[in-house]
Amino acid sequence: MHKWPFLICFSLGATLAGAEDSPDLDGIWVTDGYGTLAEIADGHVQLYQIAGDICLPEHDAPQPLAAMLPGMTFDLASDGGSLTAHFPMDPYKIRASRIAALPEVCAHPVPDTPLGNFEAFAAFFQHNYSFFHLYDVAWAARVDDARQNIRPDMDDAELFALMSDMIRPLRDGHVGMFAQINGEDRWFAPHRGRTNTSIRAQAETAGKDPDTTLEAFRQDLWFNSISKGILGGDAHLAGNQRIQYGMAADTVGYLALATLTGFGPRDAGPNEQLAITQTILDEVMDYFKTAGAKSLILDLSLNLGGN
């Protein structure tokens with residue numbers, strides 16, 4: 001397998017499963033967007049990422065469908081030529097079409113060289129990232145400029161730095177890059193939000209640990225500013241303390257969400273997580289009704305995202 005050294009994170013993730021015993025799914029499927037190709041046979045799946053004339057397998061060998069892609073439900077078209085896949089916690093469906101054969105490019109992955117890795121990196125962004133115009137980034141020009149600096153003897157650290165510079169102007173919290181270089185984890189995230197970036201910068205200036213400082217800020221905001229300040233010490237916590245609510249004024253309810261996931265046990269499946277979330281929100285709305293709330297403040301200022 002091509003030893004792809006860098007994981008490019010778009011946070012577009014979706015999973016499939018629930019049909020590992022269905023031979024109707026056997027075949028080759030390509031998604032409508034985002035370049036995912038799945039080769040399914042006998043309850044196993046080999047995933048590929050494809051962008052133009054670049055195709056890379058995600059694993060050395062097919063993986064069990066149920067373990068690899070858990071939680072998704074399928075709707076197979078009557079003619080067997082297309083399907084939609086849906087994750088219980090997500091509002092969208094993924095569409096895929098059956099194709100006759102694996103594309104020829106998937107049998108010939110780009111070489112595991114600095115230039116090969118660079119071309120794959122550039123192609124995946126070019127074909128799959130939709131927001132260059134929002135950040136005034138001329139991606140094709142950046143690729144052309146960076147390609148001039150590729151050398152056959154570049155090491156992974158140099159290549160990682162070059163790729164980091166290429167995506168640095170993307171002020172997008174859902175874009176990042178991870179690598180393991182010489183046994184050490186290496187992260188690059190070009191944008192963590194104005195508040196996070198400011199707090200981390202102030203901590204570094206003061207000689208403090210940025211991660212510890214940021215976590216202290218979040219804890220103080222959640223358990224002091226909101227619980228004691230806005231809600232006057234009468235806050236109700238739920239969902240592993242990721243949800244809190246109460247009355248901000250006589251007829252004004254207040255609901256704060258620290259995340260949009262993880263309200264149930266860590267090992268809970270998606271359907272169980274959804275049921276737990278629905279139960280909590282029913283309790284929240286019953287509380288507001290009993291308390292006489294006429295309006296609601298929804299506070300997402302600390303929200304770290306999720307489903």
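You'll find the structure just up there.
Let me begin by describing the structure that accompanies this report.

Rules and cut-offs
- Residues numbered from 1 in each chain as written.
- Predicted model: local features only at pLDDT ≥ 70, side-chain atom pairs only at ≥ 80, totals over all residues.
- Heavy atoms only, no water.
- Helix = DSSP H or I, 4+ residues; strand = E, 2+ residues; numbered from the N terminus.
- Contact = heavy atoms within 4.5 Å.
- Areas by Shrake-Rupley, 256 points an atom, 1.4 Å probe, with all protein chains shown as cover.
- Lys, Arg positive; Asp, Glu negative; His and termini not counted.
- Charge placed at Lys NZ, Arg CZ, Asp CG, Glu CD.
- Buried < 20%, exposed > 50% of the residue type's maximum accessible area, 1.4 Å probe, protein only.
- Pairing = 2+ DSSP bridges.
- Right-handed = clockwise from strand over helix to strand, strands pointing away.
- Axes fitted to C-alpha atoms, helices over the stretch in contact; angles between N-to-C directions.

**Points about the overall build of the protein chain**
And step 1. Tallying secondary structure elements over the protein chain gives seven helices and 15 strands in all.
And step 2. Across the protein chain, the fraction of contacts at a sequence separation of at least 24, relative to all contacts at a separation of at least 6, is 53%.
And step 3. Roughly 17,100 Å² of accessible area belongs to the protein chain as shown, and the carbon and sulfur atoms make up 52% of that amount.
And step 4. The centroid of the 20 positive side-chain charges in the protein chain is displaced by 9 Å from the centroid of its 40 negative side-chain charges.

**Description of the pairing of strand E14 (residues 252–257)**
And step 1. Within E14, five of the six residues are buried, which leaves the element mostly enclosed by the surrounding structure.
And step 2. As defined by bridge partners, strand E13 (residues 243–249) adjoins E14 across six bridges and the pair is classed as antiparallel. Considered in E14, the bridge of Ala 249 is made with Val 252.
And step 3. Note: E14 against strand E15 (residues 295–299), five bridges, orientation parallel. Each bridged residue has a counterpart across the sheet, and for Leu 255 the counterpart in E15 is Leu 298.
And step 4. One crossover worth recording links E14 to the parallel E15 by way of helix H7 (residues 270–291), and it is right-handed.

**Here's the deal with the sheet that holds E15**
And step 1. Strand order across the open sheet formed by four strands is E12-E13-E14-E15, with mixed pairing between neighbours. Strand pairing shows two members of the sheet lacking a second neighbour, strand E12 (236–238) and E15, which therefore form its edges. Here the average twist between neighbouring strands, direction ignored, is 20 degrees.
And step 2. Bridge count between E12 and E13: three bridges; the pairing is antiparallel. Along E13, the bridge assignment pairs Ala 238 with Ile 243.
And step 3. Against the sheet, helix H6 (residues 210–230) contacts E12, E13, E14 and E15, and its axis sits at roughly 35 degrees relative to E13.
And step 4. Packing against the sheet, H7 makes contact with E12, E13, E14 and E15, and its axis sits at approximately 15 degrees to E13.

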